[in-house]
Amino acid sequence: MSDDIHKRAESLLTASRVEGISPSERGWLKAHLQDCARCAEHAATLERAVAMLRSIPVPLDRALVEATRFRVRLRAHELREERVRMLGLWISCGLSWALGVLSAPLVWQELEWVGERTAIPRPAWMMAFVIWWVLPAVVIAAVLIWRREPAAPRSRHPATLAR
Amino acid sequence: MEQDTQVIARGLRRRDPEILDQLIERYQYRLFRYLIYMVGNQETAEDLFQETWVRVLERGRQYDGKSKFESWLFTIARHLVIDSQRRRQPRFLDLLDAESDAQPPTIVQDQPSALERVAQRETSEWVGAAMAGLPASYREVLVLRFQEEMALEEISEVVGAPLSTVKARLYRGLEALRQFLGGAQA
């Protein structure tokens, strides 16, 4: 038998494990394996390799699973609390924005009046108006940055996490 | 299957701890096995195990329920493995994404690793040693295909590589394992 035939058989053996082969290829391979001891040995080794790959146990510590569950629940609780806090923040933002829009004409008139009375240059009191307008957003951004908390510590044991 | 994934997606959107508990119970062994084969270190695998489930909780809204949950889970785990290993070994990502047009890898038995330590039986020891000697990119597809029994398309989705690359890695990885076993028996 030529080397090409053995190579084809070996290639089909691996292909059958990876992506499958056609019925005609399967038939050819079966017939070849009955006649060729070398390829039959190749097939048996491959079969053992896959079987061993499937049979290997990986020990998983039950404490790790429990600690993971605890950590996930803790994080879920944190996320819920954070959501409530964020909701409050967004409501405040909305109110602040609405009040800002409603009071803008009044504030503009007041600043203009103060500017005229005190001879403050027009760009200066206009800048004051801009600062008044963006101040709530700056404060909210500062609060968001300040409230960002570090990630929960990793631990295998719930008791350690709870401390 | 579709209904099951929709239930999971709904639960994850609500960040329902009960669903998370069930998912941890269902996928604990498969996820841990993937992690231990990918990082080869018990302690790191344990850290990543916890990290993966926390990430599932945090990013749960991104799971749409259209694909299998395990594909999404392993994709998250894979990203965490890459981040973790890149900190320890900057070239890890290159190894994981290595092109498969190179020669088939040859398994070299090195110092006993965590993979070998977790192996308790003779066959397990052999698989542990063989897998530890394989490049990460080959190890990954072998685990997903033959241990997790994922379809080639699912593996392609998890590893973010074309189907042809996945197949090539499987061919070469399997051949390396067969040669290792053949050599061990000789």
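This is a predicted model, so every value here is computed, not measured.

Asker: Can you walk me through the interface of chain A and chain B in this structure?
Answerer: When the parts of a complex come together, some accessible area is lost, and that lost area is often taken as the interface size. Taken residue by residue, the interface counts 31 residues in chain A and 37 residues in chain B. Elements represented by at least two residues in the side of chain A that touches chain B include exactly helix 1 (3-18), helix 3 (37-55) and helix 4 (62-118) of chain A. Among the elements that make up the side of chain A that touches chain B, the one with the highest residue count is helix 4 of chain A (11 residues). Residues belonging to the side of chain A that touches chain B are distributed by class as follows: 17 nonpolar, 4 polar and 10 charged.

Asker: Is there a simple way to explain the confidence of the model for chain A in this structure?
Answerer: Residue and element names in this part refer to chain A. Counting all residues, the mean pLDDT for chain A is 83, and 89% of those residues have values of 70 or more. Per-element confidence in chain A ranges from a low mean pLDDT of 41 for helix 6 (residues 158-162) to a high of 92 for helix 2 (residues 23-35). In this model residues 151-163 is a low-confidence stretch, pLDDT under 50, and it forms 21 contacts with partners more than four residues away in sequence or in other chains.

Asker: Is there a simple way to explain the packing of helix 2 (residues 17-39) of chain B against helix 8 (residues 136-147) of chain B in this structure?
Answerer: For any two helices packed against each other, the geometry is given by the interaxial angle and the distance between the axes. All names here are of chain B. Where helix 2 contacts helix 8, the axes come no closer than 9 Å and their chain directions differ by 160°. Regarding the angle of helix 2 to helix 8, the classification is roughly antiparallel. Crossing angle aside, the handedness with which helix 2 passes helix 8 is right-handed. Facing helix 2, whose interface residues are Arg33, Tyr34, Tyr37 and Met38, helix 8 presents Ala136, Arg139, Glu140, Val143 and Gln147. Across the contact of helix 2 with helix 8, the residue classes break down as 5 nonpolar, 1 polar and 3 charged.

Asker: What is the right way to look at the nonpolar core in this model?
Answerer: Residues and elements named next belong to chain B. Membership of the largest hydrophobic core comes to 73 residues, with the highest contact counts inside it found for Leu35, Leu73 and Ala77. Among the elements that take part in this core, helix 2 stands out by supplying 12 residues, more than any other. Residue contacts for Ala77: discarding those within four places in its chain leaves Leu31, Tyr34, Leu35, Leu48 and Thr52.

Asker: Help me understand helix 1 of chain A, please; the structure alone is not making it clear to me.
Answerer: Helical geometry: 3.6 residues make up each α-helical turn, so side chains three or four residues apart lie on a common side. The end-to-end C-alpha distance of helix 1 of chain A is 23 Å, a good match for the 22 Å that 16 residues give at a rise of 1.5 Å each. Every buried residue of helix 1 of chain A is accounted for by Ala9(A), Leu12(A), Leu13(A) and Val18(A).

Asker: Sorry, what's going on with the environment of Trp90(A) here?
Answerer: Residues and elements named next belong to chain A. Tracing the backbone shows Trp90 in helix 4. Note on Trp90: 11 C-beta atoms within 10 Å, which makes it exposed. Placed 50 residues apart in sequence, Trp90 and Ile140 show a C-alpha to C-alpha distance of 9.4 Å.

Asker: How should helix 9 (residues 152-159) of chain B be read in this particular structure?
Answerer: Burial in helix 9 of chain B covers these residues: Glu154(B), Ile155(B), Ser156(B), Val158(B) and Val159(B). Phi turns positive one or two residues past the end of helix 9 of chain B, at Gly160(B), with a value near 65°.

Asker: Can you walk me through the environment of Ala104(A) in this structure?
Answerer: Looking at the secondary structure, you find Ala104(A) in helix 4. Considering only alpha carbons, one finds Ala104(A) and Phe129(A), 25 residues apart in sequence, at a separation of 8.6 Å.

Asker: Sorry if this is basic, but what is going on with unusual backbone geometry here?
Answerer: Trans peptide bonds make up the majority, and among non-glycine residues the majority have a negative phi. In this structure, Ala119(A) takes a positive phi of about 60° despite not being glycine. Examined against the element boundaries, Ala119(A) turns out to sit in the loop between helix 4 and helix 5 (122-147). Among the residues examined, Ala119(A) registers 6 C-beta atoms within 10 Å and is labelled exposed. The backbone of Glu149(B) shows a phi angle near 55°, a positive value even though the residue is not glycine. A count of 10 C-beta atoms within 10 Å places Glu149(B) in the exposed class.

What counts, and at which threshold
Residues numbered from 1 in each chain as written. Chains lettered and ligands numbered in written order. Predicted model: local features only at pLDDT ≥ 70, side-chain atom pairs only at ≥ 80, totals over all residues. Contact = placed C-beta atoms within 7 Å. Helix = DSSP H or I, 4+ residues; strand = E, 2+ residues; numbered from the N terminus. Nonpolar A, V, L, I, M, F, W, Y, C, P; charged D, E, K, R; others polar. pLDDT = per-residue confidence, 0-100. Axes fitted to C-alpha atoms, helices over the stretch in contact; angles between N-to-C directions. Parallel < 35°, antiparallel > 145°, perpendicular 65-115°, else oblique. Left-handed = near helix turned anticlockwise from the far one by under 90°. Core = buried A, V, L, I, M, F, W, Y, C linked by C-beta atoms within 7 Å. Buried ≥ 20, exposed ≤ 12 C-beta atoms within 10 Å, placed from the backbone. Expected span 1.5 Å × (residues − 1).

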